[in-house]
Amino acid sequence: MTWVYDFAEGSKDQKDLLGGKGANLAEMTNLGLPVPPGFTISTETCRAYLAEGGEPDGLAEEVTEHLAALEEAMGKKLGDADDPLLVSVRSGAKFSMPGMMETVLNVGLNDTSVGGLAARSEDERFAQDSYRRLLQMFGGTVLHVDSELFSEALDEAKRAKGTDSDLDLDADDLRGVVETFKAVIKEQTGRDFPQDPREQLDLAIRAVFDSWNTDRARLYRRQERIPEDLGTAVNVQAMVFGNFGMDSGSGVAFTRDPASGTQGEYGDYLQNAQGEDVVAGIRNTVSLADMAEIDRTSHDHLMQIMRRLERHYRDMCDIEFTVERGKLWMLQTRVGKRTPEAAFRIAVHMVDEGLIQMDEAVLRVTGDQLAQLMFPRFDESSERTLLATGMNASPGAAVGKAVFDSDTAVEWTERGEDVILVRKETNPDDLRGMVAARGILTSRGGKTSHAAVVARGMGRTCVCGAESLDVDTKAKEFRVRDGEVVREGDVISIDGTTGEVFAGAVPVADSVVVRHFEGEKLDDDLALAVSRIMAHADGARRLRVRTNADTPDDAARARRFGAQGIGLCRTEHMFLGERRELVEKLIVAEDEDGVEAALAELLPLQRQDFTEILEAMDGLPVTIRLLDPPLHEFLPDLTDLSVEVALAEERGQVDERAATLLTHVRRMHEQNPMLGLRGVRLGIQIPGLFRMQARAIAEAAADRMEVHGTPRAEIMVPLVASVRELQIVRSQLEREIREVQESRGVKLDIAIGTMIELPRAAFLADRIAKSADFFSFGTNDLTQMAWGFSRDDVESAFFSRYFEHGIFDVSPFESLDQLGVGGMVEMGTKKGRKTRSDLKVGVCGEHGGDPLSVHFFDRVGLDYVSCSPFRVPVARLEAGRSVLAKRASTS
């Protein structure tokens, strides 16, 4: 097996083997762009290394062979005393994981070769600066020395010099820093910094492999749903130096604005710096426009390459580059991460520019991005107190309490607080806090800093480079230039769209995308981009999208959002509030007459409920689920009621209502009510209950027909496990519908179906289909039954440990367990249609609005999904993307 590949051997289509960085370096090399030579150690090598607990056989020999070729190409030897070849060692997984894995620069420097570098460059300061960078990066990433120890030592050197900038340190100062760094390594590790250049290279390669399994890398993969078994490639590349002096520098550029999608020059440049300085945000950068004033030739060459790469990749590109003494070098390119706003705008713009077709434009945006665009924005008409303005790094509106470290962010979030993580600059170890926080605020860095890149990838609101803020993480506060102090726990608001930071909580308003879906006519390019994408997705999709709605207002809003009916109307919500007393009458009734009297009072109320919902969804199907939860949920809590009665008796008082209720609550008390008297079992135990609901539905439909409406009511029986259960209840429902037809002189077409939410029902779906006009999979309960989970208990009890161990990478209540629960959905659908080929099948759990789950439901042939009103546009988009993805894979 081959472990190592020269850059000239690969292409951008080999990300599985070479990782994203290696594949794109190979592509740029083959395009003839100025790329420093090097080689890539494949992802297969990483997987073998992690599986075997060490380097696979033959790797060392292949590295030696490719290193020799690199040395020949460069005309120098790794770590040579007179003219040393230095290399960078960088990670590069198939999917971008910015800052999550290791990078080591300047490998090959030691106490001897630093003199050769100084002589060749004729710059002693540059050589010592390069050496201290190697010691700092190698010590932190390879030898696992606390990086703060190096930062503190460098800060101490600057204090001794009386400066805040490392650029003011001369060669002698840096030579002292080098000695301090070596002492730190010796003290912390018990060994000297390795002087053998090949040992440095081998240790750095292993460190990159090992970084695949760091806590932060695992957390990032869980967050982004990146598979755990991919592994990372390692890229070994000849160093070029942006820290040669003021005619050198490093930068990151985007071919379009990653925050808004606008065309133009976007990026950061830092003179006399290596690439890590740019993304770390240690010094504030200048724009590419400013770079043009500094070095016009390199700037213009960069613009030319950027245009070429964007047209070659047919997408927005993210580029890392270095200028070494006036010569431009390309270090990396990839399809750039972007905000949801930018994603929709860029996709449509590229269609208009003739770079892509509309099918591909739809595939380049996601339902998750659309959902983020529907989040509220700050209300511009509200009064606001501006504290500072920084870079608008990742859009959105975030309000929360200021916290100054990741541990506090996680701790406060777990107790229910909204927080904003405030840092001078973030680093990869801050990932846990960034995941927990509502938003991220930094005083340093730009749109290409670690905070900005990671926040955009996660969809977190982020403001970077708010230079007027003096952030003191030790004191847990930041100061504003006018003297105002914001301390830990104070509420702040950050606007990632404008870069503004406000004191206190700023009110929010509907986003422009929500206003568009609500039908407001807007002359807004984002709303127009979303409209075009949605229209194409709607034209492509096979799945219909319904909504879960229990009120006329929810139904009307969902219809405006594009819902094609109601897939789940829960009737239990209609028995709350003032109607509880009527349910109490039903429960405490002593005989059939009492039961019938209680039901007679409920009938007109239910009829009105259904009439209003059928009116809101006129002409579209409305699936009404008969009462599902245990009746005791409509009664007072057993403990509370027992205390109330006991206290009354102690005072010598008699509360007959409470005492009677307590008797019935005790009678109906169940150890596990979710597996007790509920759903279809209620309809069999109290036949009049379901009959009353069926009559109310039938009468509501008749009322709508009398005013020339087009009602399409459907009745759904919950929690069926046996076809006999459904047969018994169905006969009751059909009798009520016939009686209404006869009395009102109308023809009612009301389908009767069932929820499939028990494993037994899925296994016996062929039998149940004999008495069902449709199936609707209740995946919330089906997930609980399949896993043996009580959702209300397990998520807080042990899910975090399940994530850590990789038992699952996302909650099965958020995204469908496709192997287990999905297997039952697929089996139940096939079995049901084997009995009844025209069986209509849908899903009405919240999985109906989850992007990955929607693709699964489309793949197994469901007719519709149903989800909450705000997820309807997401489901519409993903249903279209599912069809287009299959079409693209076969073309």
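See the structure shown above.
Residues numbered from 1 in each chain as written. Predicted model: local features only at pLDDT ≥ 70, side-chain atom pairs only at ≥ 80, totals over all residues. Heavy atoms only, no water.

Asker: Which parts of the structure should I look at to understand the packing of helix α3 (residues 59-74) against helix α8 (residues 197-210)?
Answerer: Remark: α3 packs on α8, axes separated minimally by 12 Å, with the N-to-C direction vectors making an angle of 120 degrees. Comparing their axes, α8 and α3 come out oblique. Considering how the two elements wind past one another, α3 and α8 form a crossing that is right-handed. Together, Leu 59, Ala 60, Val 63, Thr 64 and Leu 67 of α3 and Arg 198, Leu 201 and Phe 209 of α8 make up the contact between the two elements. Along the lines of polarity and charge, the residues of the contact of α3 with α8 split into six nonpolar, one polar and one charged. (Axes fitted to C-alpha atoms, helices over the stretch in contact; angles between N-to-C directions. Helix = DSSP H or I, 4+ residues; strand = E, 2+ residues; numbered from the N terminus. Parallel < 35°, antiparallel > 145°, perpendicular 65-115°, else oblique. Left-handed = near helix turned anticlockwise from the far one by under 90°. Contact = heavy atoms within 4.5 Å. Nonpolar A, V, L, I, M, F, W, Y, C, P; charged D, E, K, R; others polar.)

Asker: Sorry if this is basic, but what is going on with empty space enclosed by the protein here?
Answerer: Rolling a probe over the atoms, with the probe sized like a water molecule, indicates the empty space that remains. Throughout the structure, instances matching the rule amount to five cavities of 30 Å³ or more. Taken together, 14 residues line the largest cavity, and the ones lying closest to its centre are Arg 90, Met 239, Val 240, Thr 322 and Leu 331. Elements represented by at least two residues in the lining of the largest cavity include exactly β3 (87-93) and β5 (232-238). (1 Å grid on protein atoms, 1.4 Å probe; cavity = no way out; pocket = protein on both sides within 12 Å on 5 of 7 lines; lining within 4 Å. Points joined across faces, edges and corners; volume = space filled by probe spheres on them.)

Asker: Just checking my understanding: could you explain the sheet that holds strand β27 (residues 712-717) for this structure?
Answerer: Adjacent strands of a sheet form backbone hydrogen bonds with each other and so pair up, either parallel or antiparallel. One closed barrel accounts for eight strands, arranged β24-β25-β26-β27-β28-β29-β30-β31; its pairing is parallel. Within this sheet the neighbouring strands show an average axis-to-axis angle of 30 degrees, counted without direction. Both strand β26 (residues 621-625) and β27 contribute to a ladder of five bridges, which runs parallel. Residue pairing for β27: Ile 624 is matched across the bridge by Ile 715. In the packing of helix α28 (residues 723-744) onto the sheet, the strands contacted are β27 and β28 (751-756), and the crossing angle to β28 comes to about 150 degrees. (Pairing = 2+ DSSP bridges.)

Asker: Before we go on, may I ask you to explain the side chain of Glu 27 in this structure?
Answerer: As for its placement among the helices and strands, Glu 27 is situated in helix α1 (residues 15-30). Notably, Glu 27 is buried but unbridged: the nearest opposite-charge side chain belongs to Lys 12, and the N-O separation is 5.0 Å. Within the local environment of Glu 27, its side chain forms a polar contact with the side chain of His 312, the two groups lying 2.7 Å apart. Once residues within four sequence positions are removed from consideration, Glu 27 is found in contact with Ser 11, Lys 12, His 312 and Tyr 313. (Buried < 20%, exposed > 50% of the residue type's maximum accessible area, 1.4 Å probe, protein only. Lys, Arg positive; Asp, Glu negative; His and termini not counted. Salt bridge = Lys/Arg side-chain N within 4 Å of Asp/Glu carboxyl O. Polar contact = N/O pair within 3.5 Å; in protein donor to acceptor, adjacent residues only side chain to side chain.)

Asker: Is there a simple way to think about the nonpolar core in this case?
Answerer: Proteins that are soluble and globular tend to have nonpolar side chains buried together. Residues Phe 344, Ile 533 and Val 717 are the most contacted members of the largest nonpolar core, which totals 127 residues. Those residues within four positions of Phe 344 in sequence are excluded, and the remaining contacts are Val 365, Thr 366, Gln 369, Leu 370, Leu 373, Leu 526, Ala 529, Val 530, Ile 533 and Leu 877. (Core = buried A, V, L, I, M, F, W, Y, C linked by side-chain atoms within 4.5 Å.)

Asker: Help me understand the layout of surface pockets in this model?
Answerer: Within this model, the second largest pocket holds a volume of roughly 780 Å³. Lining the second largest pocket are 31 residues, and of these Asp 628, Met 674, Arg 678, Asp 781 and Gln 784 lie nearest its centre. Among the secondary structure elements, those contributing two or more residues to the lining of the second largest pocket are β25 (566-570), α31 (779-787) and α32 (791-797). Counting residues per element, the lining of the second largest pocket draws most heavily on α31, which supplies five residues.

Asker: I keep staring at the pattern of salt bridges and nothing clicks. Help me out?
Answerer: Where charged atoms of side chains with opposite charge meet at close range, the side chains can pair. According to the stated counting rule, one finds 75 salt bridges in the structure shown. Ionic pairing is found between Lys 182 and Asp 111, a salt bridge with its closest N-O pair at 2.9 Å. Of this pair, Lys 182 sits in helix α7 (residues 171-189) while Asp 111 is found in the loop between β4 (103-107) and α4 (113-121), placing the two residues 71 residues apart along the sequence. For Asp 111, a relative accessible area of 41% puts it in the partly exposed group. Note that Arg 415 and Glu 417 form a salt bridge whose closest N and O atoms lie 3.5 Å from each other. The partly exposed category is assigned to Arg 415, whose relative accessible area is 49%. Its relative accessible area of 22% is what places Glu 417 among the partly exposed residues.

Asker: Where do I start with the packing of aromatic side chains in this structure?
Answerer: Working definition: an aromatic ring pair is given by the centre-to-centre distance plus the angle between the planes. The full count for this structure, using the stated rule, is 24 aromatic pairs. Through successive ring pairs, a cluster of aromatic residues spans Trp 787, Phe 789, Phe 798, Phe 799, Tyr 802, Phe 803, Phe 808 and Phe 813. A cation over a ring is seen here: Lys 327 above Trp 329, with NZ or CZ 4.7 Å from the ring centre. Here the guanidinium or amino end of Arg 546 rests over the ring plane of Tyr 864, the centre of that ring lying 3.9 Å away. (Phe/Tyr/Trp six-rings, centres within 6.5 Å; stacked < 30°, edge-to-face > 60°. Lys NZ or Arg CZ within 6 Å of the ring centre and 35° of its normal.)

Asker: Would you explain the pairing of strand β17 (residues 461-464) in this entry?
Answerer: The two faces of a sheet get side chains in turn, since along a regular strand they alternate between them. Side chains of β17 alternate between two faces, with Thr 461 and Val 463 and Cys 462 and Cys 464 buried alike. Note that strand β13 (residues 391-394) and β17 share three bridges and pair antiparallel. Bridge assignment links Asn 392 to a residue of β17, and that residue is Val 463. Of the pairings in the sheet, the one linking strand β16 (residues 439-442) to β17 comprises three bridges and is parallel in character. Note on β17: the bridge partner recorded for Leu 441 is Val 463.

Asker: What exactly am I supposed to notice about helix α6 (residues 147-161) here?
Answerer: In an α-helix, one turn spans 3.6 residues, which is why side chains three or four residues apart end up on the same side. If you check α6, its first and last C-alpha atoms are 22 Å apart, about what 15 residues at 1.5 Å a residue would give, namely 21 Å. Among the residues making up α6, those that are buried are Phe 150, Ala 153, Leu 154, Ala 157 and Lys 158. An end-on view of α6 places all buried positions within 140 degrees of arc, on one side of the element. Along α6, exposed side chains directed more than 90 degrees from the buried face belong to Arg 159 and Ala 160. The inward-facing, buried residues of α6 abut α5 (124-141) and α7. Between the side-chain oxygen of the N-cap and the backbone nitrogen of Glu 148 there are 3.0 Å, and the N-cap of α6 in question is Asp 146. Trailing α6 by a residue or two, Gly 162 shows a phi angle of about 75 degrees, which is positive. (Expected span 1.5 Å × (residues − 1). Arc of directions from axis to C-beta.)

Asker: How should the sheet that holds strand β10 (residues 327-335) be read in this particular structure?
Answerer: Here five strands make up an open sheet; going across it, the order is β8-β7-β6-β9-β10 and the pairing antiparallel. Unpaired on one side and paired on the other, β8 (286-287) and β10 mark the two borders of the sheet. The pairing of strand β6 (residues 249-256) with strand β7 (residues 263-271) spans seven bridges and is antiparallel. Residue pairing for β7: Ala 253 is matched across the bridge by Gly 267.

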